[in-house]
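Examination of the molecular architecture
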Amino acid sequence: MNSMRMKAGKCPSDELSLTNCAVVNPQDFNDSVKHVEVYTSPSQSFVFTIKSHRDVPPSTIGFGLLQRKWATLSLGQDIDVRPFQFDINQHTLANIVLEVDFLQKKSTTLEPYDSDAMAREFLAQFHHQSFSIGQQLVFQFQEKKLLILIVKELEGADINAMRSGSKETKSRKVRIGQCFPNTMIVFDKSEGSSVNLVGKSKGKTVHHSIINPDWDFQNMGVGGLDTEFNAIFRRAFASRVFPPEIVEQLGCKHVKGILLYGPPGTGKTLMARQIGKMLNAREPKIVNGPQILDKYVGESEANIRRLFADAEEEEKRLGSNSGLHIIIFDEIDAICKSRGSVAGASGVHDTVVNQLLAKIDGVEQLNNILVIGMTNRRDMIDEALLRPGRMEVQMEIGLPSETGRAQILKIHTARMRDNKKIAPDVDLQELAVLTKNFSGAEIEGLVRAAQSTALNRLIKASNKVEVDPEAGEKLMVDRGDFLHALETDIKPAFGTSSEALELYITRGIINWGEPIRSLLEYGVILTQQARTGFGLVSVLLEGPPNAGKTALAAQLAKNSDFPFIKICSPDDMVGFSESAKCLQIRKFFDDAYRSELSCILVDNIERLLDYGAIGPRYSNIVLQALLVLLTKQPPKGRKLLVFCTTSRRQVLEEMEMLSTFTAVLRVPNISTCEQLVAVLEETDVFSKNEITAIARKVANRRLFIGIKKLLGMIEMAKHFDEQRRVFDFLTQLEVENFLELGA
């Protein structure tokens, strides 16, 4: 942005003059401009932090009295103004030394001014503001008499040394800089001042942050988890960045526990390890949950106590200056199940939970520990462990988004890219689109599978296994290798059951009439509703047996192109008990909730309910589970489409299930001659003359047959004698009562 010609004016209010900011009209600068450089002459300029206020006329900047005095400005003076951007490497202030005096020299007091509290108040009021040598400002402290502050010295932080992890950082004198919340503030009395300053001298020691200032996601080998990392940093580590004395003054307790949960392979363990490396702390203690358990009475609890022994000893010896001790529990659900949920007389699981609770947040609680737990089953963790003060930061590590998958692919192909072993036709963004619902581990497996395909091309397997002598020069992983791995090697655990879907629609979908055409169109509308709606859309396809309901539901699910499509079928639950069946159905829905867009096909719903017409009998436990799951909204940001099929609409109506569905679609049987002819023409089994003969025989006779049964009979007709094919086909229809007997 070019410089603007403006005029110097008064600050519109006393309240704004205490902010140490120049005040501008909102029309002159947008919200992204935080600082401006004011040229009072071609060779002299001053930098101010700005605030917007509508009381300032356009093309005017309002300055306080001390600001005008410092910059030698007069009211109405023409000035050139342009936005100013600080360079964090050059202008980050480590120390500010300020001269202090009363603003009104005739109105003084001997009341003590706590310099430590003043420093905190100064940072609260003026953090991220611009300061220059000689700058003057008014300081309001605890409703006491106003003070005038003059910037005496500025020292810039050695950002490069901090990033390199060097223990020896050298500050340097600067003339201008930006104040940050961890900038050290020192107050000196002005010569002849009567200000009564008390408190400890801040000194000029550099505070070593517990966070390594040079870490980033890419170098740490964790991709797609930027949002989760930022949230964990804000909740768990923000308080640890500050010196202990500041935290004590706030009465702030550090977060002691983080729980990372989510599907397998999404990066929970990797993130926990990298958090340990990110912190300037001791080497983390990493244990698997089952390792804690011991066959001897009391040993499991003793194992917990040993993990915390070093932290306890250092806490007693050094107090608030103790370093951070990190303990990482992998598969924490193995030792922290809800108390009372594990059968057995020993109660060892319960006592282990009690011991862990006592160590994290007991009577002699520690403030120098960070416990990180990982689990795939958050629902199994004891609730007492999840309350604030214990594992209060709970972060779901879900399946990566398209951007996250691109980051993960970039990480795992970095070595190939550096060594020029990846072909130019490999587009990581394309692969990110193709790997919907892949976890981080599955993407890593995909890269390995593509590499193995490329390596295999250079292996000559005859009587002996021989490697091409020019393998080093010829080796190149190309797009085809990745596509081959996607097609044959790696399938996502939370992906589409493509083989099962194809099995249901092996014969394809025959559009034999208006009922099928309208059903498919309505299915598209419902799919769009699920994609853009508020969460759950459930659809019931009902009709007589063999009407093709399952095939139509499978086709609608496939047409949705959702990344997660699973089939819940009674075929896979033969012999299951009622409770096992409920758990299996629940797992289908829980897995679906992990994907942004999910589709579940619940086939033959009355068979899932163990319905029997004689009795009648059904499983009330399974019924109640389905009623809950078919009405439960998925988590925020997730969309779920459910297709159910049944041949017993009346039964579901009596069970009060029909009201749970968003829509109920009728799948009819074939009942007209025209519909029969449409199917026969699609199958290519009968000739045109034969179809005409069949149509003539069927005309004006009652016909009622399901498409599935009809296709089976057409398949059988292939093997009839050609001379008698039409007659035998019609006879078969009549024998099985699908066609009214002829006169």
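Use the structure listed above.
Residues numbered from 1 in each chain as written. Predicted model: local features only at pLDDT ≥ 70, side-chain atom pairs only at ≥ 80, totals over all residues. Heavy atoms only, no water.

Let's talk about the overall build of the protein chain
The helix and strand tally for the protein chain stands at 29 helices and 27 strands. Looking at the protein chain residue by residue over its 743 residues, the buried ones come to 49%. For the protein chain, the proportion of contacts with a sequence separation of at least 24, taken over those separated by at least 6, is 78%. If you sum the accessible surface of the protein chain, you get close to 37,800 Å²; carbon and sulfur atoms cover 50% of it. (Helix = DSSP H or I, 4+ residues; strand = E, 2+ residues; numbered from the N terminus. Buried < 20%, exposed > 50% of the residue type's maximum accessible area, 1.4 Å probe, protein only. Contact = heavy atoms within 4.5 Å. Areas by Shrake-Rupley, 256 points an atom, 1.4 Å probe, with all protein chains shown as cover.)

Here we look at helix H24 (residues 620–629)
Of the positions making up H24, those classed as buried are Val 622, Leu 623, Ala 625, Leu 626, Leu 627 and Leu 629. Close packing links the buried residues of H24 with helix H22 (578–593) and helix H23 (605–608).

A look at the pairing of strand E23 (residues 536–542)
For E23, the tally of buried residues reaches seven of seven residues, placing the bulk of the element in the interior. Because side chains alternate across E23, one face comprises the buried residues Leu 536, Ser 538, Leu 540 and Glu 542, and the other comprises Val 537, Val 539 and Leu 541, equally buried. Relative to strand E26 (residues 639–646), E23 runs parallel, the two being bridged by seven bridges. The residue of E26 that forms the bridge with Leu 536 is Leu 640. Inspection of the sheet shows E23 paired to strand E27 (residues 663–666) by four bridges, in the parallel sense. Following the sheet pairing, Leu 540 is matched in E27 by Val 664. (Pairing = 2+ DSSP bridges.)

Here we look at the pattern of salt bridges
This structure, assessed with the given rule, holds 25 salt bridges. Note that Asp 481 and Arg 457 form a salt bridge whose closest N and O atoms lie 2.4 Å from each other. With a gap of 24 residues between them, Asp 481 in helix H18 (residues 479–489) and Arg 457 in the loop between helix H16 (440–456) and strand E21 (459–461) connect regions that are remote in the sequence. Looking at Asp 481, the relative accessible area reads 2%, which means it is buried. The class of Arg 457 is partly exposed, set by a relative accessible area of 46%. (Salt bridge = Lys/Arg side-chain N within 4 Å of Asp/Glu carboxyl O.)

Structural notes on the packing of aromatic side chains
If you walk through the whole model with that rule in mind, you get 15 aromatic pairs. Between Phe 126 and Phe 131, the aromatic rings sit 6.4 Å apart at their centres with planes inclined by 80°, giving edge-to-face as the arrangement. A centroid spacing of 5.1 Å and a plane angle of 55° characterise the contact between Phe 686 and Phe 729, whose relative ring orientation is tilted. Of this pair, Phe 686 sits in the loop between helix H26 (673–683) and helix H27 (688–698) while Phe 729 sits in helix H29 (residues 725–735); the two residues are 43 residues apart in sequence, bridging distant segments of the chain. Exposure remark for Phe 686: the relative accessible area of 6% places this residue in the buried category. Each residue in the set Phe 102, Tyr 113, Phe 122, Phe 126, Phe 131, Phe 139, Phe 141 and Phe 187 is aromatic and connected to the rest through ring pairs, giving one cluster. One residue, Lys 144, lies across the ring of Tyr 113, its end atom 4.9 Å from the ring centre. The ring of Tyr 261 carries the charged tip of Arg 378 above its face, separated from the ring centre by 5.3 Å. (Phe/Tyr/Trp six-rings, centres within 6.5 Å; stacked < 30°, edge-to-face > 60°. Lys NZ or Arg CZ within 6 Å of the ring centre and 35° of its normal.)

Points about the sheet that holds strand E25 (residues 597–602)
One open sheet holds the five strands; their spatial order is E24-E25-E26-E23-E27, and the pairing between them is parallel. Two strands close off the open sheet at either side, each with one partner strand: strand E24 (564–568) and E27. Averaged over all adjacent pairs, the angle separating strand axes in this sheet is 15°, with direction ignored. Lying on the sheet, helix H21 (residues 549–560) is in contact with E23, E24, E25 and E26; it crosses E26 at an angle near 165°. (Axes fitted to C-alpha atoms, helices over the stretch in contact; angles between N-to-C directions.)

Looking at the environment of Lys 581
By secondary structure assignment, the location of Lys 581 is in helix H22. C-alpha of Lys 581 to C-alpha of Val 622: the two residues are 41 residues apart in sequence and 7.2 Å apart in space. Excluding anything up to four places from it in sequence, Lys 581 contacts Met 573, Phe 576, Arg 607, Leu 608, Asp 610 and Val 622. At a separation of 3.4 Å, a polar atom in the side chain of Lys 581 contacts the main-chain carbonyl oxygen of Leu 608. (Polar contact = N/O pair within 3.5 Å; in protein donor to acceptor, adjacent residues only side chain to side chain.)

Comments concerning unusual backbone geometry
Of all residues except glycine, most have a negative phi; of all peptide bonds, most are trans. The residue Glu 143 is not glycine, and still its phi comes out positive at about 60°. One non-glycine residue, Asn 700, lies in positive phi territory at about 65°. One can find Asn 700 in the loop between H27 and helix H28 (707–717).

Brief notes about the nonpolar core
Among the nonpolar cores identified, the biggest contains 57 residues, and Leu 541, Phe 643, Ile 670, Val 679, Phe 686, Ile 694 and Phe 729 are the most heavily contacted of them. Taken domain by domain, the makeup of this core includes at least three residues from each of domain 5 (498–666) and domain 6 (673–741). In terms of nonpolar packing, the next biggest core, distinct from the first, is built from 35 residues, Leu 399, Leu 536, Leu 626 and Met 657 among them. (Core = buried A, V, L, I, M, F, W, Y, C linked by side-chain atoms within 4.5 Å. Domains from an automatic or database assignment.)

Focus on the packing of H22 against H24
The geometry of H22 relative to H24 is characterised by a closest axis approach of 9 Å and an angle of 15° between their N-to-C directions. The pairing of H22 with H24 is recorded here as roughly parallel in orientation. The two elements H22 and H24 meet at a crossing, and its hand is right-handed. Across the interface between the two elements, Glu 578, Lys 581, Cys 582, Ile 585, Arg 586, Phe 589 and Tyr 593 from H22 touch Asn 620, Ile 621, Val 622, Ala 625, Leu 626 and Leu 629 from H24. Class assignment for the residues of the contact of H22 with H24 results in nine nonpolar, one polar and three charged. (Parallel < 35°, antiparallel > 145°, perpendicular 65-115°, else oblique. Left-handed = near helix turned anticlockwise from the far one by under 90°. Nonpolar A, V, L, I, M, F, W, Y, C, P; charged D, E, K, R; others polar.)

Quick word on the pairing of strand E7 (residues 93–102)
Burial within E7 is extensive, with nine of its 10 residues counted as buried. Where E7 meets strand E11 (residues 147–156), nine bridges bridge the pair, whose relative direction is antiparallel. Bridge pairing in E11 places Asn 95 opposite Glu 155.

Some remarks on the sheet that holds strand E17 (residues 285–288)
The five strands are arranged E17-E18-E19-E16-E20 in an open sheet whose pairing can be described as parallel. The open sheet has two edge strands with one neighbour each: E17 and strand E20 (393–396). Between one strand axis and the next, the sheet turns through 15° on average, direction left out of account. Examined bridge by bridge, E17 and strand E18 (residues 325–330) share four bridges and lie parallel to one another. In the strand pairing of E18, Lys 285 is matched with Ile 327. Packed onto the sheet, helix H7 (residues 226–237) meets strand E16 (257–261), strand E19 (369–375) and E20 and runs at close to 175° relative to E20. Here helix H9 (residues 268–278) sits on the sheet and contacts E16, E17, E18 and E19; the angle it forms with E19, its principal contact strand, is near 165°.

So, the environment of Gln 249
Residue placement: Gln 249 occurs in helix H8 (residues 244–250). Along the sequence, Gln 249 and Ala 117 sit 132 residues apart, while their C-alpha atoms lie 9.6 Å from each other.

Looking at the packing of helix H13 (residues 402–412) against H16
The contact between H13 and H16 brings their axes to 10 Å, and the two run at 45°. Classified by the angle their axes make, H13 and H16 are oblique. Crossing handedness for the pair H13 and H16: right-handed. Contacts between H13 and H16 pair Arg 405, Ile 408, Leu 409 and His 412 from the former with Gly 440, Ile 443, Glu 444 and Val 447 from the latter.

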